[in-house]
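Next come the chains, spelled out residue by residue.
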Protein chains: 2
Amino acid sequence: MRVYDIISKKRDREKLSKDEIDFFIDGYTKEKIPDYQMSAFLMAIFLNGMDIDETANLTLSMMRTGKTLDLSEVPQVKVDKHSTGGVGDKVSLILAPLVASCGLCVPMLSGRGLGYTGGTLDKLESISGFKTSFSLKKFEKNLKEIGLCIIGQTEDIAPADKKIYALRDVTATVDSIPLITSSILSKKLTEGADVIVFDVKVGNGAFMKDEEKAISLAQTLIQVGKRLKKKMVALITDMNEPLGEAVGNSLEVIESIEALKGNFQKDLMEVTFALGSCMLILGKRVKRFEKAKEILNQAIKDGKALDKFRQMIERQGGDKKVIDNYDLLPKAQFEILVKSPKSGYVRSVDTKKIGFSAVELGAGREKIGDKIDPAVGFLIKKKVGDYVKEDEVIAEIFANDKEKGEIAKEKILSAYEISRTKSKRLKKTLYLVDEKGVRKL
Amino acid sequence: MRVYDIISKKRDREKLSKDEIDFFIDGYTKEKIPDYQMSAFLMAIFLNGMDIDETANLTLSMMRTGKTLDLSEVPQVKVDKHSTGGVGDKVSLILAPLVASCGLCVPMLSGRGLGYTGGTLDKLESISGFKTSFSLKKFEKNLKEIGLCIIGQTEDIAPADKKIYALRDVTATVDSIPLITSSILSKKLTEGADVIVFDVKVGNGAFMKDEEKAISLAQTLIQVGKRLKKKMVALITDMNEPLGEAVGNSLEVIESIEALKGNFQKDLMEVTFALGSCMLILGKRVKRFEKAKEILNQAIKDGKALDKFRQMIERQGGDKKVIDNYDLLPKAQFEILVKSPKSGYVRSVDTKKIGFSAVELGAGREKIGDKIDPAVGFLIKKKVGDYVKEDEVIAEIFANDKEKGEIAKEKILSAYEISRTKSKRLKKTLYLVDEKGVRKL
């Protein structure tokens, strides 16, 4: 088998065999195939695509370059959620303990902030002492005993993906459905979950800008999942404005704790409950959506969900007292109010701009290895469809550098479009995609 | 300007600006841009193409990474020919002295064998003492004094092309019209010729397998040439069998000298005279094809063309006595006859197979740095359309290794398709492509 021939085949839109894909991925991971051949191959995949067979084989190849977790010792049904990333997307922090408190087991391998989107691990690490990296043994122990553990990807999970992702990032080959699918699934499938629910974000703050593409990614995920015998479902949810109020690590932890206490932002609740319901249904805990929502609601009301979060913090070495005292979380020095220059309805919010602005403020990394500042970020007070009066606060900025805070203020102002004509609030949960097809919600 | 954005633009079928192309080529040549970004870019160009503006800008960018020759001191009209490469294509050896003997100046930068095709430099170096590398000063002096000099590309001519070609060769991005065009022209335009005539080969022994693609390459060359204010014309010529009889370095030198003595193989003469006529016409030596052919014929008859070849050998340090004594050229130890297993008409010859077989025998390089054996090769005695009797010789093999000779014999036999039904001889000169369009010949 020759690397050249495999590149040529994909270049000429021919279908690649399992052996050819294995040969390429294995050779690349072992550094027998150089970056420059992989990048030509990736561009050929980007432009000519891959069918479901090829994408499934690519996923398996990548997965098999590393270890897979064996959670067969954990008796409960194991469910997980994966989001394609957005701004203010703190759903995992709420959903994981919420679903675990309903009797399912949630083994969650999460990521860090990427580009202008935040990451679950960075958020959780705002809590003093919270650890996101430990042995598989301890991961299993936590899952067995409290049904919940959130850790980071270890070095030996799908190393091919790490190498390939870094290359895609500098060769303009990120935004490809078969490559995104195999990247997500090669990691997700190693963690031993029985059920995976996807939150595919769509909108100006998501990697997928239009619904058609988001649906196509969701369908590919589901079809490849089916081929690999995993139960999966995907929700397409809106990301044309930050989700909830908080953008930034500590701030999002606070918003998540508030949600677990029952003080939910409406949009955040809509997404969290929809995903949670899917998890309960696929996890065979209930049959119907209405019942699922009831159970989730009850778990919040009873305090069971918050208890589960407290247990998780404790197990993962964090200071559980933060739950009752937010002053224990890192706090920014300066608070700057962003006020509307005129009256009118919020017509749109440039969510990507808000995300990048938070990164510049210190809430994310501009490049690998940058230290993040857990204290800084925004509270987004006005969302699309809201009426705002002149001089009314549309956002609050929490900064540790006044100058950076002022820059953020300008950015946020320029991200808002306010117009006289009334505009509608945004529906958050748009479509459900499963084996049977696409359903508008 | 960001490398990533330029790759993305080409990936998304947008047109690149001159500045963007300059930035990429310059950065790559100076090793500021890594191979893996260039190979993704090359695959995007391969799959999405480039228009004439982009191809012209790419050509200029590549050309400007190196030196250009200034031949303004040479008073004659300077004409050159470039072939896309074939098997048994010794046209340059005959054409250069022939045209020079008609009063034009031929500054020729030639190449070495590539893949299964031979190279002019390798052939000339069969002549003892012949040098293909010397200073620009001496190149100019020869041109001024005898109107002819054939040398190899120096290190400082279009270094970008050298780097890019090596990368294309391992990333399956060779066969792309804008990339081929810019590779050819970035080198050809540095040599200061006023007129360039292209011989675009088509057929089973050429890089372009079908006429449509060959015409498209010819049109691109001409259009880019026009944009860069060079007079150019292209002939599409057949390469569905070796050109002339000889394949292999010494053997091709002998065949070329014979041609200059007036003993032309018919097909070789057809191609040489057609190209020569174009050179005389574009070089303003004559106006019409018939007159051009007459002049070329006369130069052969007079012995002027052969004299010019003798002068060139002498000037370039070679032993001019070879012209009258072929025994002074390297000679193979073994001669093996390839006989037809049956009677019939030659229906087709797998020319690429013949080319590769010559390489394996030692006439070319299997990898960079291999030493070639100037003595070995074939004489192809039967061409498409010829009638051949059982046991009649179809080819002669000249080998220095008996075993390799026997392998070549099997290969040549399997390259011939002989059938009972009569088949036509192949016309060699197929189309003429110039600014005005494509004309069938």
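Provided above is the structure to which this section pertains.
Residues numbered from 1 in each chain as written. Chains lettered and ligands numbered in written order. Predicted model: local features only at pLDDT ≥ 70, side-chain atom pairs only at ≥ 80, totals over all residues. Heavy atoms only, no water.

Residues and elements named next belong to chain B. At R13, a residue that is not glycine, the phi angle is positive and equals roughly 65 degrees. Mapping R13 onto the fold places it in the loop between α1 (3-11) and α2 (18-29). The phi dihedral of A158 falls on the positive side, at around 40 degrees, and the residue is not glycine. Locating A158 in the fold gives a position in the loop between β3 (148-152) and α8 (159-171). (Helix = DSSP H or I, 4+ residues; strand = E, 2+ residues; numbered from the N terminus.)

Okay, the sheet that holds strand β5 (residues 231-238) of chain A next. Residue and element names in this part refer to chain A. With mixed pairing, the five strands of this open sheet are ordered in space as β1-β4-β5-β13-β14. Since the sheet does not close on itself, it has two edges, and those belong to β1 (79-83) and β14 (437-440), each with one partner. In this sheet, neighbouring strand axes are inclined to one another by 20 degrees on average, regardless of whether the strands run parallel or antiparallel. Both β5 and strand β13 (residues 429-434) contribute to a ladder of four bridges, which runs antiparallel. Counted as the bridge partner of L235 is L432 from β13. (Pairing = 2+ DSSP bridges. Axes fitted to C-alpha atoms, helices over the stretch in contact; angles between N-to-C directions.)

Looking down a regular strand, the side chains alternate between one sheet face and the other. Residues and elements named next belong to chain B. Buried residues dominate strand β1 (residues 79-83), accounting for five of its five residues. Residues V79, K81 and S83 of β1 are buried on one face, and the alternating residues D80 and H82, pointing to the opposite face, are buried as well. Bridge count for β1 against strand β4 (residues 195-202) is five bridges, and the pairing is parallel. Across the sheet, S83 pairs through a bridge with D199, a residue of β4. (Buried < 20%, exposed > 50% of the residue type's maximum accessible area, 1.4 Å probe, protein only.)

Take the sheet that holds strand β11 (residues 393-399) of chain B next. Residues and elements named next belong to chain B. One open sheet holds the four strands; their spatial order is β6-β9-β11-β7, and the pairing between them is antiparallel. The open sheet is flanked by β6 (246-247) and β7 (334-339), the only strands paired with a single partner. In the sheet, β6 pairs with strand β9 (residues 377-380) via two bridges, with the strands oriented antiparallel. Across the sheet, the residue bridging to A246 is L379, located in β9.

Taken together, the contact pairs 22 residues of chain B with 22 residues of chain A. In total, about 1700 Å² of surface goes out of reach between chain B and chain A, with carbon and sulfur atoms giving 73% of it. Linking chain B to chain A there are zero salt bridges. Taken together, the links from chain B to chain A amount to seven residue pairs in polar contact (both at pLDDT 80 or more). At the level of elements, α1, α3 (35-48) and α8 of chain B are the ones that each hand at least two residues to the side of chain B that touches chain A. Among the elements that take part in the side of chain B that touches chain A, α3(B) stands out by supplying ten residues, more than any other. (Contact = heavy atoms within 4.5 Å. Buried area = accessible area lost by both parts, 1.4 Å probe. Salt bridge = Lys/Arg side-chain N within 4 Å of Asp/Glu carboxyl O. Polar contact = N/O pair within 3.5 Å; in protein donor to acceptor, adjacent residues only side chain to side chain.)

This part is about the relation of the copies chain B and chain A. If you rotate chain B by 179 degrees and push it 0.1 Å along the axis, it lands on chain A with an RMSD of 0.1 Å. Seen this way, the second copy is the image of the first under a two-fold rotation axis. For chain B, the residue whose C-alpha comes nearest the rotation axis is Y36(B), separated from it by 2.0 Å. Most of the interface of chain B is mirrored in chain A, where 100% of its interface residues are also at the interface. (Least-squares fit on C-alpha atoms with pLDDT ≥ 70 in both.)

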